[in-house]
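# Observations on chain architecture
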Amino acid sequence: MKQLYIETLGCAMNTRDTEHIIAELSTKDNYELCTDASQADLIMINTCSVREKPVNKLFSEIGVFNKIKKDGAKIGICGCIASHLGAEIFKRAPSVSFVLGARNVSKVVKAVNTEKFVDVDIDYDESTYAFSEFRGSAHKAFVNISIGCDKKCTYCIVPHTRGDEISIPVDLIINEARKAAQNGAKEIFLLGQNVNNYGRRFSSKPKQKVDFSDLLNMISDIEEVERIRFTSPHPLHMDDKFLHTFANNPKVCKSMHMPLQSGSTHILEEMKRGYTKEWFLNRALKLRELVPDVSISTDIIVAFPGESDEDFEHSMDVMEKVKFEQIFAFKYSARPLTKAAEFTNQVDKEVGSARLKRLQDRQNEILDEISASRRDVVYEVYFEELRNNGMVAGRSDNNALVQVEGDEELLGSIQKVKITNPKRLSLYGEILK
Ligand code: SAH
Ligand code: SF4
Ligand code: F3S
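Residues numbered from 1 in each chain as written. Chains lettered and ligands numbered in written order. Predicted model: local features only at pLDDT ≥ 70, side-chain atom pairs only at ≥ 80, totals over all residues. Heavy atoms only, no water.

So, about the site of ligand 1. Within the structure, ligand 1 sits among 14 residues, and Tyr 155, Gln 193, Gln 261, Asp 299 and Ser 333 are positioned closest to it. In this structure, a nitrogen atom belonging to ligand 1 sits 2.7 Å away from a side-chain N or O atom of Gln 193. Ser 333 places a main-chain nitrogen or oxygen 2.7 Å from a nitrogen atom of ligand 1. Isolated, ligand 1 exposes 540 Å² of accessible area, and the fraction of that covered by the protein chains is 89%. A class-by-class count of the residues in the shell around ligand 1 yields five nonpolar, four polar and five charged. Each of two domains, domain 2 (135-253) and domain 3 (255-373), supplies a minimum of three residues to the shell around ligand 1. (Near = heavy atom within 4 Å. Polar contact = N/O pair within 3.5 Å; in protein donor to acceptor, adjacent residues only side chain to side chain. Areas by Shrake-Rupley, 256 points an atom, 1.4 Å probe, with all protein chains shown as cover. Nonpolar A, V, L, I, M, F, W, Y, C, P; charged D, E, K, R; others polar. Domains from an automatic or database assignment.)

Laid out in structure tokens, this is it:
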């Protein structure tokens, strides 16, 4: 067997693409996974290009692999940086053997076996390709429900790396979810850039009309599925039907990612997000009303071009009103191929850093309050991971990280846990017998 070492950066979509790559290379070629790059016959980096920093890091990383790799070992670059840099990667890093775009994963066996292979076609349709099977976790199964994104937010490179949005046929999704659940994955994690836009476009006419709410209900009908999560939904498509399905279906976990990006309606327009501050607040507060113990996470970009102090205050204001359980906040990063990169009113870097710090400091205070309020609360926790310190970690239905003392016997089980020691990043507790 040849050894494959693969590093995965970026979002859950890349995590699933990596599973597909491992599956294809182990069933249609002769590779097995290894964890030591210096022993590998093939080193792959599954890249993310959503912000500039990781792109710069990629080339220094290739340099490191050049030094440690075995004689004759190949290096392959896939994922979103591959999509937008294409053959330019060979020029900047001649040791690279192939470049495979994020929407071309099904071609990986050919890529590995073709000298200087490059394919970064973003119109390629993989929505009905039947990948071989590999799953990194026995307990949780990622299932793609769409590829690409139609939104063209002005800051975002993803539509240029993953192409237009195409929904995967319902029967393929249901079959994959059923198979994973019957193999022991109690949790199905649905993936797409705009999951609640599901069903808008298929590559061929579907037999029935199905939207995301319908899909959630159909997956919850699979007996072995106990939990359903998904990412990312878009606030624009959070209609009442979706919120009610989310609230009323007991298998749908009560944590919602609501990517705000900015609290300022003016900046949201410049970003082409399609909703206003009022719409976002209306949806988030309605969600809190329908599901009192829901946890809401968000993404916020600070210092988008033209963001004034007043605009930024609107983002702070939404934070105060919604009290997010988790925020992924980043400074705006200008990306090639995007509209906003050409805006002439870029915000000063120091202003951006100061805003980011203020936002994160306030969020930490909010989180401390939220965590403290969870003392003595009882959660149903699905245990998935052994920690080195004699602890076992899992997630509550509303996505809090919970740890208890224990061993591998707990893995894959759902237990009632009483929180005895709530910390900001993790809640510690005891299993109720
Ligand atoms: N489809 C998802 C987002 C995918 S990208 C959605 O619409 O929410 C993940 C996150 O990266 C985005 O939510 C955004 O907050 C951040 N991001 C994207 N482009 C960025 C940029 N140019 N600069 C900084 N952050 C960015
Ligand atoms: Fe990017 Fe916007 Fe699409 Fe999300 S919805 S992937 S932020 S273009
Ligand atoms: Fe990154 Fe591509 Fe995901 S740019 S965030 S890996 S879709």
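Now that the structure has been shown, the text picks up again.
Leu 190, Phe 212, Ile 219 and Phe 230 are the most contacted members of the largest nonpolar core, which totals 69 residues. The biggest single contributor to this core is helix 7 (residues 170-182), with six residues. Of the residues that make up this core, three or more belong to each of domain 2 (135-253) and domain 3 (255-373). Residues Val 55, Phe 59, Ile 62 and Val 99 belong to the second largest nonpolar core, which totals 21 residues. (Core = buried A, V, L, I, M, F, W, Y, C linked by side-chain atoms within 4.5 Å. Buried < 20%, exposed > 50% of the residue type's maximum accessible area, 1.4 Å probe, protein only. Helix = DSSP H or I, 4+ residues; strand = E, 2+ residues; numbered from the N terminus.)

On to the site of ligand 2. Around ligand 2 sit Cys 149, Lys 151, Lys 152, Cys 153, Tyr 155, Cys 156, Val 158, Pro 159, Gln 193, Asn 194, His 234 and Arg 273, and that is every residue in its neighbourhood. A per-class count over the shell around ligand 2 returns six nonpolar, three polar and three charged.

With that out of the way, let us pick up the packing of aromatic side chains. For the structure shown, the criterion picks out 13 aromatic pairs. Relative to Phe 65, the ring of Tyr 5 has its centre 5.9 Å away and its plane inclined at 65°; by these criteria the two rings are edge-to-face. Of the two residues, Tyr 5 is situated in strand 1 (residues 2-8) and Phe 65 in helix 2 (residues 52-68); the sequence distance between them amounts to 60 residues. Residue Tyr 5 is classed as buried on the basis of its relative accessible area of 18%. By relative accessible area, which is 6% here, Phe 65 ends up buried. Aromatic pair Phe 304 and Phe 343: ring centres 6.1 Å apart, planes at 90°, arrangement edge-to-face. Residue Phe 304 is found in the loop between strand 13 (295-302) and helix 12 (309-322), and its partner Phe 343 is found in the loop between strand 14 (326-331) and helix 13 (349-372); the two are separated by 39 residues along the sequence. Members of the aromatic cluster, each reached through a chain of ring pairs, are Tyr 155, Phe 304, Tyr 332 and Phe 343. Note that Arg 92 overlies the ring of Phe 59, its terminal NZ or CZ placed 4.0 Å from the centroid. (Phe/Tyr/Trp six-rings, centres within 6.5 Å; stacked < 30°, edge-to-face > 60°. Lys NZ or Arg CZ within 6 Å of the ring centre and 35° of its normal.)

On to unusual backbone geometry, then. Peptide bonds are trans in most cases, and residues, glycine excluded, mostly fall at negative phi. In this structure, Ser 232 follows Thr 231 across a cis peptide bond, with omega equal to -10°. In this fold, Ser 232 is placed in the loop between strand 11 (227-231) and helix 9 (240-248). One non-glycine residue, Gln 261, adopts positive backbone phi at about 70°. Structurally, Gln 261 can be placed in the loop between strand 12 (255-257) and helix 10 (265-271). Notably, Leu 337 is not glycine yet its phi reads approximately 75°, a positive angle. Among the secondary structure elements, Leu 337 is positioned in the loop between strand 14 and helix 13.

Glancing now at the domain arrangement of the chain. Taken domain by domain, the chain holds domain 1 (2-119), domain 2 (135-253), domain 3 (255-373) and domain 4 (378-431). One C-alpha centre belongs to domain 1, the other to domain 2, and the line joining them spans 27 Å. Between domain 1 and domain 2, the residue contacts involve 16 residues of the former and 18 residues of the latter. Where domain 1 abuts domain 2, roughly 1400 Å² becomes buried across the two surfaces, and 57% of that area is made up of carbon and sulfur atoms. When the buried area of domain 1 at its contact with domain 2 is split by residue, Met 13, Arg 16 and Arg 103 rank highest and sum to 47% of it. We note a salt bridge from Asp 17 to Arg 162, for which the minimum N-O separation is 3.0 Å. Taken together, the connections running from domain 1 to domain 2 amount to eight residue pairs in polar contact (both at pLDDT 80 or more). Elements with a contribution of two residues or more to the side of domain 1 that touches domain 2: helix 1 (12-27) and helix 3 (80-85). (Contact = heavy atoms within 4.5 Å. Buried area = accessible area lost by both parts, 1.4 Å probe. Salt bridge = Lys/Arg side-chain N within 4 Å of Asp/Glu carboxyl O.)

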